[in-house]
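Topology and contacts: notes
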Amino acid sequence: MYFPFLDEAPEFRRDVLDGLRQPLESGEVVIARADRHVRLPARFQLVLAANPCPCGSAGGQCVCPPFRRNGYLGRLSGPLLDRVDLKLAVSAVTRGDLALPPGEPTAVVSARVALARQRQQERWHELPYRLNSQVPGALLREAPWRPAARERRPLELAMDRGALTLRGLDRALRVAWTLADLRGASRPGLDDVTLALDLRTPTGVRVA
Ligand SMILES: [Zn+2]
């Protein structure tokens, strides 16, 4: 598995960014020529980072002309961002933050992730999948994997509002299952579904 990291993602060419859409969805790159198609494996975990504007200054210090500031994040297309499962708004580090105790050690988080992956392998062992990310959305929308009515409700409301596409729904379901795996639960609860939905569009991140 590769982990490409595109720092200052809006600075990349639009066609390069949008070229990532298909492999993000299918895990392969298809090269079409006049007489043949070639399929190459391309499973990777994409990490994008972006400042809110080209100069990267927080708050009132920004020196960008309004037209540049307004269009900056818009260079990441809606269809590309629809394929990004976890979006986090990160604020600038303050002096107060430096005094905070360190977070969880990497080894502790790593052990929790390994356990979550093991749960996924056990769940899907009779099917040709090892991880939640590989399971087709249609399967997660059917019994016995389909969430109960209470857990489905926030997803249905988001779809009714036009805030969630069918692709986004499937991706939110996969994330909800992973959140349940991380906390050792047998199924996603309402909190897992709600958090999975919030992580798609956190406050402070404008989706083009
Ligand atoms: Zn700026």
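Below is a summary of the structure that appears in this document. (Residues numbered from 1 in each chain as written. Predicted model: local features only at pLDDT ≥ 70, side-chain atom pairs only at ≥ 80, totals over all residues. Heavy atoms only, no water.)

1. Topic: the overall build of the protein
Stated precisely, the cut-off is as follows: Labels follow the DSSP assignment, with helices taken as runs of H or I lasting at least four residues and strands as runs of E lasting at least two, numbered in each case from the N terminus. Each residue is assigned to one of three classes by its accessible area relative to the maximum for its type, calculated with a 1.4 Å probe on protein chains only: buried under 20%, partly exposed between the two thresholds, exposed over 50%. The contact definition used throughout considers only heavy atoms, calling two residues in contact when any of these lie within 4.5 Å. Each accessible area value is a Shrake-Rupley result obtained with a 1.4 Å probe; residue values ignore everything except the protein chains displayed when judging cover. Counted as positive: Lys and Arg. Counted as negative: Asp and Glu. His and the chain ends are not counted at all. Where a charge sits is defined by one atom per residue type, namely NZ (Lys), CZ (Arg), CG (Asp) or CD (Glu).
When its secondary structure is counted, the protein shows 10 helices and 4 strands. Overall, the protein shows an N-to-C arrangement of helices and strands of β-α-α-β-β-β-α-α-α-α-α-α-α-α. Oriented by its inertia axes, the alpha-carbon framework of the protein measures out at about 60 × 55 × 40 Å. Per-residue burial for the protein yields a buried fraction of 31% across its 208 residues. If you take every contact in the protein between residues at least 6 apart in sequence, the share linking residues at least 24 apart comes to 60%. Here the protein displays about 13,500 Å² of accessible surface, and carbon together with sulfur accounts for 57% of that area. Of note, the protein has its 31 positive side-chain charges centred 3 Å away from the centre of its 23 negative side-chain charges.

2. Considerations on the coordination of the zinc ion
For clarity, the cut-off: For Na, K and Ca the donor cut-off is 3.2 Å, and for all other metals it is 2.8 Å, counting N, O and S atoms only; because water is absent from this set, sites may look incomplete. Tetrahedral means four donors with every angle between 85 and 135 degrees, whereas square planar (four donors) and octahedral (six donors) require angles over 155 degrees between opposite donors and between 65 and 115 for all others; sites fitting neither are termed irregular.
The zinc ion binds to the protein through Cys53 (SG), Cys55 (SG), Cys62 (SG) and Cys64 (SG), with metal-donor distances spanning 2.2 to 2.5 Å. Classification of the site at the zinc ion as tetrahedral follows from its 4 donor atoms and the range of 102 to 116 degrees in their angles at the metal. Taken in sequence order, the residues that donate to the zinc ion follow the motif C-x1-C-x6-C-x1-C. Here Cys55 falls in the partly exposed class, since its relative accessible area comes to 31%.

3. Regarding the pattern of salt bridges
Here is the rule: Salt bridges are defined by distance alone: a side-chain nitrogen of Lys or Arg within 4 Å of a carboxyl oxygen of Asp or Glu.
Scanning the model with the defined rule gives 17 salt bridges in all. Residue Arg83 pairs with Glu25 through a salt bridge whose shortest N-O separation is 3.5 Å. With a gap of 58 residues between them, Arg83 in the loop between helix H4 (78-81) and helix H5 (95-98) and Glu25 in helix H2 (residues 21-26) connect regions that are remote in the sequence. The buried category is assigned to Arg83, whose relative accessible area is 10%. Look at Glu25 and you get partly exposed, because its relative accessible area is 40%. Residues participating in the shared-partner salt-bridge network are Glu25, Asp82, Arg83, Asp85, Arg167, Arg171 and Arg200.

4. Let's talk about the pairing of strand E2 (residues 28-32)
Here is the rule we go by: At least two bridges found by DSSP between two strands are what make those strands a pair.
When E2 meets strand E3 (residues 37-41), the two strands line up antiparallel, connected through 5 bridges. Note that in E3 the partner of Val29 across the bridge is Leu40.

5. Let's talk about the environment of Gln134
This is how the line gets drawn: Under the rule applied, a polar contact is a pair of N or O atoms within 3.5 Å (in protein, one hydrogen donor and one hydrogen acceptor; residues adjacent in sequence only if both atoms are side-chain atoms).
Locating Gln134 in the fold gives a position in the loop between helix H6 (106-123) and helix H7 (137-140). Residues Gln134 and Leu173, 39 residues apart in the sequence, show an inter-C-alpha distance of 12 Å. With residues near it in sequence (within four places) discarded, Gln134 still touches Arg43 and Tyr129. Of the polar contacts made by the side chain of Gln134, one reaches the backbone nitrogen of Arg130; its length is 2.8 Å.

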